[in-house]
Amino acid sequence: MGGLLIDVPGIQLGHTSLGDTGVTVVLAGPAGMTAAVDVRGGGPGTRETDLLAPHNTVDRVHAIALCGGSAFGLAAADGVMTELERAGIGFPVLGEEREGPRVPIVPAAVIFDLFVGDPAHRPTAADGAAATRAALTGDGGDAGTSTSIGAGCGATAGVLRGGFGQASVQVGEYMVAAGVVANPVGSVIDPRTGRLYGDPRLAAVDLERFRALEPPAAQLNTTIGIIATTAPVTTAQAQRLAMTGHDGIARAIRPAHSPLDGDTLFAVSTAPAPGLVDIPTLGELCRAAADVVEAAIVAAIIGAAPGYGLGTYAALTTANR
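A few points on the structure. Everything numeric in this text was worked out from a predicted model, so none of it was measured.

1. A few points about the overall build of the protein chain
Point 1. Secondary structure summary: the protein chain contains 6 helices and 15 strands in total.
Point 2. Its C-alpha atoms give the protein chain a radius of gyration of 18 Å, within 12% of the compact-globule value 20 Å for 321 residues.
Point 3. Oriented by its inertia axes, the alpha-carbon framework of the protein chain measures out at about 65 × 45 × 35 Å.
Point 4. Residue burial in the protein chain is summarised as follows: out of 321 residues, 56% are buried.
Point 5. In the protein chain, of all internal contacts separated by at least 6 residues, the share reaching a separation of at least 24 is 78%.
Point 6. Counting every atom, the protein chain has about 12300 Å² of accessible surface; 56% of that belongs to carbon and sulfur.

2. Details of the nonpolar core
Point 1. Of all hydrophobic cores here, the largest spans 44 residues; its most connected members are Val188, Leu285 and Ile297.
Point 2. Contributions of two or more residues to this core are made by strand 12 (163–171), strand 13 (174–182), helix 3 (207–211), helix 4 (235–252), strand 15 (264–269), helix 5 (279–302) and helix 6 (313–317).
Point 3. Examining the composition of this core, we find that 12 residues originate from one element, helix 5, more than from any other.
Point 4. In this view, Ile297 contacts Val180, Ala182, Val188, Thr223, Gly248, Ile249, Ala252 and Ile253; residues no more than four positions away in its chain are not counted.
Point 5. With 28 residues, the next largest nonpolar core counts Leu13, Ala35, Ile64 and Ala151 among its residues.

3. Some details on the pairing of strand 13
Point 1. Most of strand 13 is tucked away: 9 of the 9 residues are buried.
Point 2. Burial of strand 13 is two-sided: the residues Tyr174, Val176, Ala178, Val180 and Ala182 facing one way and the residues Met175, Ala177, Gly179 and Val181 facing the other way are all buried.
Point 3. Between strand 12 and strand 13, which follow one another and run antiparallel, lie 2 residues, and Gly172 among them has a positive phi close to 60°.
Point 4. In this structure, strand 13 lies alongside strand 14 (residues 224–229), joined through 6 bridges in antiparallel fashion. Note on strand 14: the bridge partner recorded for Val181 is Ile224.

4. Points about the sheet that holds strand 13
Strand pairs in the sheet, formed through backbone hydrogen bonds, run parallel or antiparallel to each other.
Point 1. Within the open sheet, the 5 strands sit side by side as 4-15-14-13-12. Their pairing is mixed. At either margin of the open sheet sits one strand with a lone partner, and together these are strand 4 (34–39) and strand 12. Here the strands of the sheet are splayed against their neighbours by 15° on average, with no regard to which way each runs.
Point 2. Inspection of the sheet shows strand 12 paired to strand 13 by 9 bridges, in the antiparallel sense. Across the sheet, the residue bridging to Phe164 is Val181, located in strand 13.
Point 3. Along the sheet, helix 4 contacts strand 4, strand 14 and strand 15; its crossing angle with strand 4, the most-contacted strand, is approximately 40°.

Cut-offs applied
- Residues numbered from 1 in each chain as written.
- Predicted model: local features only at pLDDT ≥ 70, side-chain atom pairs only at ≥ 80, totals over all residues.
- Heavy atoms only, no water.
- Helix = DSSP H or I, 4+ residues; strand = E, 2+ residues; numbered from the N terminus.
- Rg over C-alpha atoms; globule rule 2.2 N^0.38 Å.
- Buried < 20%, exposed > 50% of the residue type's maximum accessible area, 1.4 Å probe, protein only.
- Contact = heavy atoms within 4.5 Å.
- Areas by Shrake-Rupley, 256 points an atom, 1.4 Å probe, with all protein chains shown as cover.
- Core = buried A, V, L, I, M, F, W, Y, C linked by side-chain atoms within 4.5 Å.
- Pairing = 2+ DSSP bridges.
- Axes fitted to C-alpha atoms, helices over the stretch in contact; angles between N-to-C directions.

Below is the structure:
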């Protein structure tokens, strides 16, 4: 199933939804994206993140893979690479002027979802390839209203079901959007009020029913996601967006960045080439990055579908509407 990352032209999403786990692939055109990453959790599962440091050689990536399956799920990125290579997309190791192999650059991050559904069910390279084909072709169109899709299928948020949520905002002439797999150890609900930390204007859950819920067997989670902008930021500036995006996680989830989380945010720019936005503009983009991450987490929680014996925000607020 494919579609667009909300309001960011040129960014394509592809999902492979496997019920209790899945893969979400984010890609731009053949020229790739400027990219950076910031990891804050104590238990991350990642691939190809070191090369995103501003001082390293490769300054464009071709896809980002967000995967379920804990560290096993990193195998899905192999399928993403294979499918992109088949499409002629990748880093030209002999330069653009000469024929030669192309190596797709595909950083990835995973969530722990092994105790939702079957612990032996993990995304494979074939699932990564399927998600990539969906992103390349746009096959499947709108993913619908449920956020229990792709890497968000097996996501949990404390005692509730999580998911893959999106949000966007306009900043001057630029767009900033986020796609986040909300899967934290911490809670998204304020236990005093029953309201979402990320948006207390929304309906409160039934606190008696909420307190009766049991968390999954293992509290080894992770919130991962991507911030995308049309602004022509440098790699260092993209890293600043990823860093401040974590403020959105901390607003929506408490506690965040715990020893048992692997919180990881990528930031990408779809501009044809990196420029250098001025400091006031970068400041506004950073503010927006935190806002859209927070809003995407809220969207993931309120749009989660029932299943696997997990409570949902929608079910717990029905009596309060």
